[in-house]
Amino acid sequence: MKQTIEAFLELVKERNGHEPEFLQAVEEVAETVIPYIVKNDIYYGKNILLRMVEPERLISFRVSWVDDDGEIQVNRGYRVQMNSAIGPYKGGLRFHPTVNASILKFLAFEQVFKNSLTTLPMGGGKGGSDFDPKGKSDNEIMRFCHAFMSELFRYIGPNTDVPAGDIGVGTREIGFLFGKYKKLRNEFTGVLTGKGMSWGGSLIRPEATGYGTVYFAQKMLETKNDIIKGKDVIISGSGNVAQYAAEKVIQLGGKVLTLSDSSGYIYDADGINEEKLAYVMEIKNVKRGRISEYLEKYKNAQYVKGKTPWEIKCDVALPCATQNELHEEDANVLLDNGCICVSEGANMPSTKEAIAAFHKAKILFAPGKASNAGGVATSGLEMTQNSLRFKWSREEVDNKLKDIMSDIHKSCLEYGKDDDGYVDYVRGANIAGFVKVADAMLAQGVV
Ligand code: NDP
């Protein structure tokens, strides 16, 4: 088996040798899915995984725009259309200076499995740009988004490819992108999700990824007859996912001790309550400031510059910032400090070695493709509402989100239970996600 996996990875490496994040994501899937393929004749010998690691289409384009000083700026835009076997391509857009083909291919690949897990009919894609929104004026953001969409619009559509937000792309950016698409196509359709509430957005979509990550943690804890209430929780990031993960933990009676950004983390031993979280939202969403500004109002908290929060003692850890932000050393510190549950809000925040440490210690560990799938699931619900020209209430969407997270958890149990009862959620999520896409690909023939 080891040889089969190695031979496959060698082939993928030959073709994508310069794409470390993509190879990392493929390796994690191959190690769990290839043994399943080998045991199941219907999938064996059909090169299904080899087809899945090759994007159906990778589009790269120039984005030129004019900044506030009248200077012409040039960025690179991308859309990776990874797999459309079970529905239109679906996945976010990321605006961050680190964006490149490797990062977007890893995200698009993960998205295929994640979207399949949601049980909704969505294929996988991802896109974005190396544009850095930090420090840009609203007008610059608008001009950039309009320039980006003036090329992207050719490749997307409500039945073809439906992008959403990700790092650096929130409601403001989705608004500018949607406005340009509507102008160019002269049609009002559900071509993007994460829209504002008065123009086609779904209630709960802004909250969905963070809430879903906590619902998933809650489901994992239930398998041990435990709950979030009373738990010390550390969270990384302070963006969309982190903010709403914190909100849900507070609502369920947990104590949120940390939040962070790429400059450092804050530690509030008294707990970040609703009032304090509202202040964080103001700093991050309105003032577009830094998490260190938390101390201007809450002086008892500490700010630790240049570090991640994993050194703070906790019961539950929710990595909600970015990929590869939690390393083996961090995992060992978390374990030494008694952490019993890690639910990933971000995509691939834990390195392979960190995951191995969690598995070895047999704690509850959920990979992002399962635990953060609530965001795209609610995007799927937004697409449904757009098609129906209808709007569900907050409670209806939240209940559907809870049900979807519960179903994803069940799928992980179905394929991830070891003989000793320990649940390997990585294997569970990978195989459950694979089966649905593979079945559709087989049914559709070699295309
Ligand atoms: P935001 O842009 O709203 O927030 C990102 C947060 O992560 C910020 O606090 C940011 O800090 C921090 N961050 C970004 N890059 C780094 C880095 N290199 N090192 C440390 N911190 C960093 O993004 P989201 O909250 O939407 O996304 C966070 C994660 O969740 C990503 O992995 C994304 O792919 C994933 N995700 C998001 C979904 C969504 O619905 N939005 C759905 C599913 C997954 P700073 O301000 O300093 O950059």
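Quick caveat, the model's predicted, so the values are computed rather than measured. (Residues numbered from 1 in each chain as written. Predicted model: local features only at pLDDT ≥ 70, side-chain atom pairs only at ≥ 80, totals over all residues. Heavy atoms only, no water.)

Caption draft 1: Focus on the overall build of the chain. A count of helical and extended segments in the chain gives 16 helices and twelve strands. Expected size for 447 residues packed as a compact globule is a radius of gyration near 22 Å; at 21 Å, the chain falls within 12% of this value. Seen through its C-alpha atoms, the chain measures out along the principal axes to roughly 60 × 50 × 45 Å. Buried positions account for 58% of the 447 residues belonging to the chain. A sequence separation of at least 24 residues applies to 70% of the contacts in the chain between residues at least 6 apart. Only carbon and sulfur atoms are counted for the fraction: they give 49% of the accessible area of the chain, which is about 18,300 Å². The distance from the centre of the 55 positive side-chain charges to the centre of the 59 negative ones in the chain is 4 Å. (Helix = DSSP H or I, 4+ residues; strand = E, 2+ residues; numbered from the N terminus. Rg over C-alpha atoms; globule rule 2.2 N^0.38 Å. Buried < 20%, exposed > 50% of the residue type's maximum accessible area, 1.4 Å probe, protein only. Contact = heavy atoms within 4.5 Å. Areas by Shrake-Rupley, 256 points an atom, 1.4 Å probe, with all protein chains shown as cover. Lys, Arg positive; Asp, Glu negative; His and termini not counted. Charge placed at Lys NZ, Arg CZ, Asp CG, Glu CD.)

Caption draft 2: How the structure looks around empty space enclosed by the protein. For the structure shown, the criterion picks out one cavity of 30 Å³ or more. Taken as a whole, the largest cavity encloses approximately 40 Å³ of empty space. Along the walls of the largest cavity sit Glu28, Glu110, Glu344, Met348, Ser350, Ile355, Pro367, Gly368 and Lys369, which together make up its complete lining. (1 Å grid on protein atoms, 1.4 Å probe; cavity = no way out; pocket = protein on both sides within 12 Å on 5 of 7 lines; lining within 4 Å. Points joined across faces, edges and corners; volume = space filled by probe spheres on them.)

Caption draft 3: Expanded view of the site of the ligand. In the region of the ligand, 26 residues are neighbours, and Asp166, Thr209, Ser262, Arg290 and Asn347 sit closest. Take glycine 168: an N or O atom from its main chain is 3.0 Å from an oxygen atom of the ligand. Within the side chain of arginine 205, an N or O atom sits 3.0 Å from an oxygen atom of the ligand. In isolation the ligand has 890 Å² of accessible area, and contact with the protein removes 84% of it. Contributing elements (two or more residues each) for the shell around the ligand: α7 (205-222), α8 (240-251) and β7 (255-261). Two domains each donate at least three residues to the shell around the ligand, and these are domain 1 (57-187) and domain 2 (208-362). (Near = heavy atom within 4 Å. Polar contact = N/O pair within 3.5 Å; in protein donor to acceptor, adjacent residues only side chain to side chain. Domains from an automatic or database assignment.)

Caption draft 4: Expanded view of the domain arrangement of the chain. What the domain assignment reports for the chain is domain 1 (57-187) and domain 2 (208-362). Counting residues at the interface gives ten residues for domain 1, matched by eight residues for domain 2. The junction of domain 1 with domain 2 conceals about 700 Å² of combined surface from both sides, 44% of it contributed by carbon and sulfur atoms. Taken as a group, Phe106, Lys134 and Arg172 account for 46% of the area that domain 1 buries against domain 2, more than any other trio of residues on that side. (Buried area = accessible area lost by both parts, 1.4 Å probe.)

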